[in-house]
Amino acid sequence: MNNKEELKNHQNISRNSQDIIEEVDEFDEVERNHACKILYLFLRKLMSWIFLIIIVIKNMHSDFGFSAIFFALFIILSFVMFFSMIDWYNQIFYFKDEAIYYKSGLMNIKIREIQFKKVNTVDLSQGILEKAFGLAKIKIDTASLSKDESELSLLLNKEKAIEIRNLILNRKDDETVLEEVSYDCYTLNSSQLMLYALTSNAIAKGIGIIFVAYTFLDDYFLDIFDIKLFDKGHFTIQYLLTKAIWIIGAILVISITLSVLQSFIRYYNFKVYVDKDKLNIRYGLLNEKHYSFARNKIKGIHSKQNLIMQLFHIKTLEIESIGYGDEKGESAILFPICNVDLERKIINDILPEFNFGGCMQVPPKRALIRFIWKKLVFIAILAGIFTYYFSFGFLSVLLFPFALILGYMQFKNTAVGMEKDLLVMSYNGFYKVGTVVKKSAVQSIGKSYTYFQKKRKLANCNVSIFSNQKYKSIQVENLEDQMIDDYLKKVR
Amino acid sequence: MEYSRIQKNAVKAWMIGRTISLVIFFAIYYPVVYKLIMPNFGSIFEVKYGLNGLTILLAFCFLMNTFIMPVIQYKEWKYSIQEDRIELIHGVLVRNKVIIPISRIQYIEIEQGPIYQSFHLASLNINTASDVHEIPALTLEEANEISQRLKAMIEMSEDIE
C-alpha cells in the first residue's frame, strides 16, 4: 500500500557518535550550507538573547559607563557569532546511494537520511535578501506527519540548489527553476488576480489588517493624522449617519486596497505546469516560491468558494498533498481563481486522474428541513433571550432569514458522487467546498444517523482521508440512507 | 452478515469507571458552585436559578451516562471482521457504522486500563493513516487473536498489491 510506505518514509538514524564521525570522514564530498547561513543563525540566536542584552544595557550603563557596556556587548555578540559558526560548520550533508544524509549538532549529533524516492515535495524559494546574494532556500519534504517544520531546509547557491533539486527529482538537464518557464503552463493574469483579491474575503482581510494596525497605534494614529471620529456636542441622527457612511466607506476603500496589494505580492507571476510526472507551482513577488512534487502523491483536489465566489461561479483550487501548504499562513494552492470551464481544463490537462465524469447525487427534498430546524430552534432561543433583556432585542428576528438562507445553501451545496477510483463530495453553506479524492486515500468511511434522521431515511456520510492534518474527516450531511450503504460497499 | 458482540463484563467495567469520574466531577463541582459562587452571587435571580437548573441537568446526564447508557451501549456494539474490511456498528443517540478497509490499517494496539484489567478485558485500537477506531471490551485472548488474524490479512493484502 502506498500510504504505508509514505508513513515509514524517513528514518532518524541514531548510532554511536564514533561510528557517525567515522562514516562522515569517509566522505570527501561533504557539503555545507552557504556561508550566509551563519548570518541567519546569528540573527536567530540573537533574537533569543535580545531580552538579556536589553536588560543588561538598561541596568548597567549608569553603573559602568558606555565603554564597559560596549565591551560586554562585543563579547556577547562574538560569542553568539562563534556559536553560529560552529553550528554552521557542523551542519553538513552528503549524498550516498540515492539518498541525502544530513548531519547536525556538536554534542547531540543527529543524522537524518532521506531516500530520494520518498521525497514528496521539493520547494525552492528566494526572498529579497536571497535574491541579492544569488542564493536560494531549498526545502525537502517527505510525507511524514511527525514534524511541523520541513524535514530538510538548506541555504545554498542558486545553481547548487537547482542541481540538488534536479538530482533528487531525477532530472538531468532542467535549468528552469526560478527561470522563465518553457513548458505549457497556466498563468494568472493581472485581471484574474484583481478578481481574486476582490472576491477572496477582501473586506474581512482588510478589516483584520486595519484592526491590528489600530490596536498597535491606538490613539496616536488618530492624533497624528488629526482625525476626529466624532465632534462632541451635536449628536443628531443625520450627523451620525453621514459619519458612519464616511467611516465605513473609508474602511472599505482601505481594506480593498490592502487586500489587492497583498494578493499581488503573494501570487504575482503565478504559474502551474507539469513536466514529466512532476507538478510545478511557482509564485511570489518579494518571496519567490517554487514547489515541485510527484503527481501520484496528490491525494485530492479541493475547490473552495466563499459567498461572493458562489454568486459568480468562480473557485479557488487547492491540493491535498502531504508536505505542501503546511507552512504558516499558506494554503496548498493549485490555482487561485478560475471559473468552471477553466477548472475543467486545468484538471484535464494537469491532473487528468481527478477528472470526474460520473453523476452527482444530491440529498432528497425531505432532507431540507433537517438542514434548517436546528438553526431555527437556536435562533428562536437567542431571539427570546435578546427580546427579554434588551430594548431593541426584537431586531434579532432578522436572524431568521439568515438561518433559512444558510440552511437552504447547505442543502443546495450538498452532493456526493463515486466513480471507479474517485470519490467526490461537496458540502458547507456559505463557504462551499468541493472535494475530489482518490479512493485509495480514503482511510475509513462511515455513516451516522440519529433517530430523527432514521425516520426520514437519511444519514450522514463521514470520510476520513490521508492528509496533512491528522484526523481529517469530511462529513456530508443528510443523504439518502440507501445510497450511503451502496457507497460503503464500494470502498475497499 | 454475522456480527460479533463485545463482552458482557463491559457494562460493569463502564459503570465502575464512569462512577469514579462522576464522583470526581461532583467533588469539584459542588464546592465551586455551592461554596464559592452561590454565597457571593446567589442573590442574583438568574444566577441562582441558572445554576440550580444546570446542576439538575448535569446530574441527570451523568446518572444516565453512568447507569443506563452502558447497558444500551453494550447492546448496540457490534463488529465484524471480513476478508477485506472491518465493520463497526455502535452508538446510542447517534448511530455509527464505520468501514475500515483492511489494506489501510497501519498498526493495531491492545490497551488495558486498571478497570479493564480487573475484568480481564482489553480494547483493540485500529490505526489508519488518518484516524483511530476502538473496539472496546474484548477478552485479552480475543484481542490477541484478532490482532494476529489482522496481521496475517494485512501481510496478504500487501502481497496482492
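Residues numbered from 1 in each chain as written. Chains lettered and ligands numbered in written order. Predicted model: local features only at pLDDT ≥ 70, side-chain atom pairs only at ≥ 80, totals over all residues. Heavy atoms only, no water.

Please set out the overall build of chain B residue by residue, giving values where relevant.
A count of helices and strands for chain B gives four helices and seven strands. The secondary structure elements of chain B, listed N-terminal to C-terminal, are β-α-α-β-β-β-β-α-β-β-α. Of all 161 residues assigned to chain B, the portion counted as buried reaches 40%. The long-range share in chain B, meaning contacts at least 24 apart out of those at least 6 apart in sequence, stands at 51%. For chain B, the accessible surface area stands at approximately 9100 Å², while carbon and sulfur atoms represent 64% of it. (Helix = DSSP H or I, 4+ residues; strand = E, 2+ residues; numbered from the N terminus. Buried < 20%, exposed > 50% of the residue type's maximum accessible area, 1.4 Å probe, protein only. Contact = heavy atoms within 4.5 Å. Areas by Shrake-Rupley, 256 points an atom, 1.4 Å probe, with all protein chains shown as cover.)

Go over the overall build of chain A, please, and point to the residues and values.
Scanning chain A from N- to C-terminus turns up 15 helices and 21 strands. Across the 492 residues of chain A, 46% fall into the buried class. Within chain A, contacts between residues at least 6 apart in sequence are counted, and of these 59% link residues at least 24 apart. Per element, the accessible surface of chain A, about 27200 Å² overall, is 63% carbon and sulfur.

Please set out the interface of chain A and chain B residue by residue, giving values where relevant.
The accessible area lost on association of the parts is a frequent measure of interface size. Opposite the 29 residues of chain A that make contact, chain B presents 25 residues. For the pair chain A and chain B, the summed buried surface comes to about 2300 Å²; carbon and sulfur atoms form 46% of the total. Remark: the boundary between chain A and chain B carries zero salt bridges. Our enumeration of links across chain A and chain B arrives at 15 residue pairs in polar contact (both at pLDDT 80 or more). If you list the elements that add at least two residues to the side of chain A that touches chain B, you get helix 1 (2-7), strand 19 (442-450), strand 20 (458-465) and helix 15 (481-490) of chain A. Top contributing element to the side of chain A that touches chain B by residue count: strand 19 of chain A, with nine residues. Among the residues forming the side of chain A that touches chain B, the class breakdown is 13 nonpolar, eight polar and eight charged. Relative to strand 4 (residues 94-101) of chain B, strand 19 of chain A runs antiparallel, the two sharing six bridges. (Buried area = accessible area lost by both parts, 1.4 Å probe. Salt bridge = Lys/Arg side-chain N within 4 Å of Asp/Glu carboxyl O. Polar contact = N/O pair within 3.5 Å; in protein donor to acceptor, adjacent residues only side chain to side chain. Nonpolar A, V, L, I, M, F, W, Y, C, P; charged D, E, K, R; others polar. Pairing = 2+ DSSP bridges.)

Give a detailed account of the environment of Gln305(A), specifying residues and quantitative values.
All names here are of chain A. Inspection of the secondary structure assignment puts Gln-305 in strand 13 (residues 300-305). As for Gln-305 and Thr-316, which are separated by 11 residues in sequence, their C-alpha atoms are 6.5 Å apart. Residues contacting Gln-305, with those up to four places away along its chain left out, are Gln-310, His-313, Ile-314, Lys-315, Phe-430, Tyr-431 and Lys-432. A polar contact of 3.2 Å, which involves the side chain of Gln-305, links it to the backbone oxygen of Ile-314.

Go over unusual backbone geometry with me, naming the residues and quoting the values.
Working note: non-glycine residues mostly have negative phi, and peptide bonds are mostly trans. Even without glycine at this site, Lys457(A) takes up a positive phi of about 55°. Residue class for Lys457(A) comes out exposed when judged on its relative accessible area of 58%.

Go over a nonpolar patch on the surface, please, and point to the residues and values.
Taken together, the side chains of Ile369(A), Trp373(A), Val377(A), Ile381(A), Ile385(A), Phe386(A), Tyr388(A), Tyr389(A) and Phe390(A) define a hydrophobic patch exposed on the protein surface, amounting to about 940 Å² of accessible area. Residue placement: Ile381(A) occurs in helix 12 (residues 368-389). (Patch = residues over 30% accessible without salt bridge, like charges linked within 9 Å, V, L, I, M, F, W, Y side chains within 5 Å.)

Describe the confidence of the model for chain A, naming the residues involved and giving the relevant values.
Residues and elements named next belong to chain A. Considering every residue of chain A, the mean pLDDT works out to 80; 83% of them sit at 70 or more. Taken element by element, chain A is modelled with least confidence in strand 1 (residues 11-13), mean pLDDT 39, and with most confidence in strand 17 (residues 422-427), mean pLDDT 93. With pLDDT under 50 throughout, residues 173-181 is counted as low confidence; its partners more than four residues away or in other chains account for 25 contacts. (pLDDT = per-residue confidence, 0-100.)

I'd like a rundown of the sheet that holds strand 5 (residues 105-111) of chain B, residues and numbers included.
Residues and elements named next belong to chain B. Strand order in this open sheet of three strands is 5-6-7, and the pairing throughout is antiparallel. The open sheet is flanked by strand 5 and strand 7 (132-139), the only strands paired with a single partner. Along the sheet, successive strands turn relative to each other by an average axial angle of 20°, direction set aside. With six bridges joining them, strand 6 (residues 121-128) and strand 7 adopt antiparallel strand pairing. The partner of Asn-127 across the bridge, within strand 7, is Val-132. (Axes fitted to C-alpha atoms, helices over the stretch in contact; angles between N-to-C directions.)

Could you give an account of the sheet that holds strand 18 (residues 432-438) of chain A, with specific residues and numbers?
All names here are of chain A. If you walk across this open sheet you meet the six strands as 15-14-13-18-17-16, and the pairing is antiparallel. Lying at the two open borders of the sheet, with one neighbouring strand each, are strand 15 (333-339) and strand 16 (415-418). Sheet twist, expressed as the mean angle between neighbouring strand axes with direction ignored, is 15°. Looking at chain direction, strand 13 and strand 14 (residues 314-320) are connected through five bridges and run antiparallel. Within the sheet, the bridge partner assigned to Ser-303 lies in strand 14 and is Leu-317. In the packing of helix 7 (residues 190-199) onto the sheet, the strands contacted are strand 14 and strand 15, and the crossing angle to strand 15 comes to about 95°. Of the strands in this sheet, strand 16 and strand 17 are in contact with helix 15, which crosses strand 16 at around 35°.

Residues and numbers for a positive patch on the surface, please.
A grouping of Arg5(B), Lys8(B), Lys12(B) and Lys75(B) is seen on the molecular surface, where their side chains present a positively charged patch. The topology assignment puts Lys8(B) in the loop between strand 1 (4-5) and helix 1 (9-41). (Lys, Arg positive; Asp, Glu negative; His and termini not counted. Charge placed at Lys NZ, Arg CZ, Asp CG, Glu CD.)

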